[in-house]
Amino acid sequence: MTAAALIDFARRLPKAELHLHLEGSLEPEMMMALARRNKISLAFKSVEEARAAYRFTKLQDFLDLYYEGTQVLRTEEDFFDLTIAYLNRARADNVRHVEFFFDPQGHAERGLPFGVSISGILTALKMSRAQFGMTGKLILCFLRHLDEDAAFATLKEAEPWLDRIDAVGLASSELGHPPEKFARVFAAAKERGLKLCAHAGEEGPPDYVRGSLDHLKIDRLDHGNRSLEDADLVARLKDLQMTLTVCPLSNLKLCVVKDMREHPLKRMLDLGLKATVNSDDPAYFGGYMMANFEAVIEALDLSAENIRTLTKNSFAGSFLSDGEKRAHLAAIDKVPFQT
Ligand code: HPA
Ligand code: ZN
């Protein structure tokens, strides 16, 4: 079976993206255009200079640039434009549903009220649903380098919008910021009916994954790569049928794996874990959904059934209703491997 045939199959399958930081889809071209529009002076003077700087040896190298880039986002229109641009790229890859992380705490530092970012994002989601039947959900991401009081303040600011937010997440610098730090605010989010996800086991040890289960009571695990270092933890994740939102190109760019041929995605599937493929911060890590599928198909010995399973896991692990999940899963079953 050739890689080209598998890539074609992956392209034709409907997919859900469950791990996408909206601010991480800010391409350098748009960053420069918004800097001009909003009269902001950036560290980068050109698109080429920005791209050339996207070389990372660890998560923090990336985060420093990511927060620099988000400076240009100032108005509702900026967030609308950013969301539409991402949705157009995702639609071209046959992504039918997206669960977006967004970082209101990062924007609050620049004085942006909560309503500015979320209004722009919601307008774009409404349009793409009406025009293309693409659906989207929002995950309010707490920044773990800030303290829990700051997360509580953000949850309070989000109060008027909670009927349009589906979940909370936990991102930013993982090492040194264990999940326990956010146990109370996650409990408060759950009381408000929100689903819970957390980044864990990207750079952090298996204990951070265990802590996310025990102290945060997560519904979904973002990354989770380092869980594989601990057989008991793998067994527990399997028992829980926990969805892992895996991000292959991100893992390569942030040196979580040295070579794509060492990526644990196939091992995860073989162990019975509910792994999915996602793009994380596609403007920084070298591509959107299909670029990630292409990278793992070329590097790992994935079968056509592995690929079908990855796309099924993405809808099954989403926060869509059971009826919506069933419809997407049935559509996946109808896609033939050979056309
Ligand atoms: N990891 C952790 N935090 C993040 C990321 C990431 O890849 N992207 C945006 N915030
Ligand atoms: Zn992420």
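Just above, that's the structure.
Residues numbered from 1 in each chain as written. Chains lettered and ligands numbered in written order. Predicted model: local features only at pLDDT ≥ 70, side-chain atom pairs only at ≥ 80, totals over all residues. Heavy atoms only, no water.

## Quick look at the coordination of the zinc ion (ligand 2)
Protein ligation of the zinc ion (ligand 2) involves H19 (NE2), H21 (NE2), H199 (NE2) and D280 (OD), the donor distances falling in the range 2.0 to 2.3 Å. One can describe the site at the zinc ion (ligand 2) as irregular: its four donor atoms subtend angles covering 82 to 173° at the metal. (Donors = N, O, S within 2.8 Å, 3.2 Å for Na, K, Ca; no water. Tetrahedral: all angles 85-135°; square planar, octahedral: opposite > 155°, others 65-115°.)

## Considerations on the side chain of D103
Tracing the chain through its elements places D103 in the loop between β2 (95–102) and α6 (104–108). The side chain of D103 sits in the buried core without any salt bridge; R110 is the nearest counter-charge, 8.6 Å away. The residues contacting D103, other than those within four sequence positions of it, are E23, Y66, Y67, C141 and L143. (Helix = DSSP H or I, 4+ residues; strand = E, 2+ residues; numbered from the N terminus. Buried < 20%, exposed > 50% of the residue type's maximum accessible area, 1.4 Å probe, protein only. Lys, Arg positive; Asp, Glu negative; His and termini not counted. Salt bridge = Lys/Arg side-chain N within 4 Å of Asp/Glu carboxyl O. Contact = heavy atoms within 4.5 Å.)

## Considering the packing of aromatic side chains
If you walk through the whole model with that rule in mind, you get 14 aromatic pairs. Note on Y54 and F56: the rings are 6.3 Å apart at their centroids and 25° apart in plane angle, and the pair reads as stacked. Summarising the burial analysis for this pair, Y54 and F56 share the class buried. Taken together, the ring pairs in this structure connect Y54, F56, F62, Y66, Y67, Y284 and F285 into an aromatic cluster. When the ring centre of F132 is taken as reference, the NZ or CZ atom of R91 above it lies at 3.5 Å. The lysine or arginine in question, R220, covers the ring of F319, its NZ or CZ lying 4.1 Å from the ring centre. (Phe/Tyr/Trp six-rings, centres within 6.5 Å; stacked < 30°, edge-to-face > 60°. Lys NZ or Arg CZ within 6 Å of the ring centre and 35° of its normal.)

## Re the pairing of strand β5 (residues 195–200)
Along β5, five of the six residues are buried, which leaves the element largely enclosed by surrounding structure. What joins strand β4 (residues 167–171) to β5 is helix α9 (residues 183–191), and the crossover it makes is right-handed. Where β5 meets strand β6 (residues 220–223), four bridges bridge the pair, whose relative direction is parallel. Each bridged residue has a counterpart across the sheet, and for A200 the counterpart in β6 is H223. Handedness of the β5-helix α10 (residues 206–216)-β6 crossover: right-handed. (Right-handed = clockwise from strand over helix to strand, strands pointing away. Pairing = 2+ DSSP bridges.)

## Regarding the nonpolar core
Counting 106 residues, the largest nonpolar core has I165 and F186 as its most contacted members. Those residues in contact with F186, other than ones at most four positions away along the chain, are F142, V168, G169, L170, L196, C197, L216 and I218. F101, A171, C197 and F319 belong to the second-largest nonpolar core, a separate cluster that totals seven residues. (Core = buried A, V, L, I, M, F, W, Y, C linked by side-chain atoms within 4.5 Å.)

## Re the site of ligand 1
Taken together, the residues surrounding ligand 1 are H21, L59, F62, L63, Y66, A171, S172, H199, E202, D280 and D281. Separating a nitrogen atom of ligand 1 from a backbone N or O atom of S172 is a distance of 2.8 Å. D280 places a polar side-chain atom, nitrogen or oxygen, 2.8 Å from an oxygen atom of ligand 1. When ligand 1 is considered free in solution it has 260 Å² of accessible area, and contact with the protein chains removes 100% of it. Tallying contributions element by element places helix α4 (residues 59–70) first for the shell around ligand 1, with four residues. The residue makeup of the shell around ligand 1, split by class, is five nonpolar, three polar and three charged. (Near = heavy atom within 4 Å. Polar contact = N/O pair within 3.5 Å; in protein donor to acceptor, adjacent residues only side chain to side chain. Areas by Shrake-Rupley, 256 points an atom, 1.4 Å probe, with all protein chains shown as cover. Nonpolar A, V, L, I, M, F, W, Y, C, P; charged D, E, K, R; others polar.)

Note that every value here comes from positions in space, so none of it alone points to a role or purpose.
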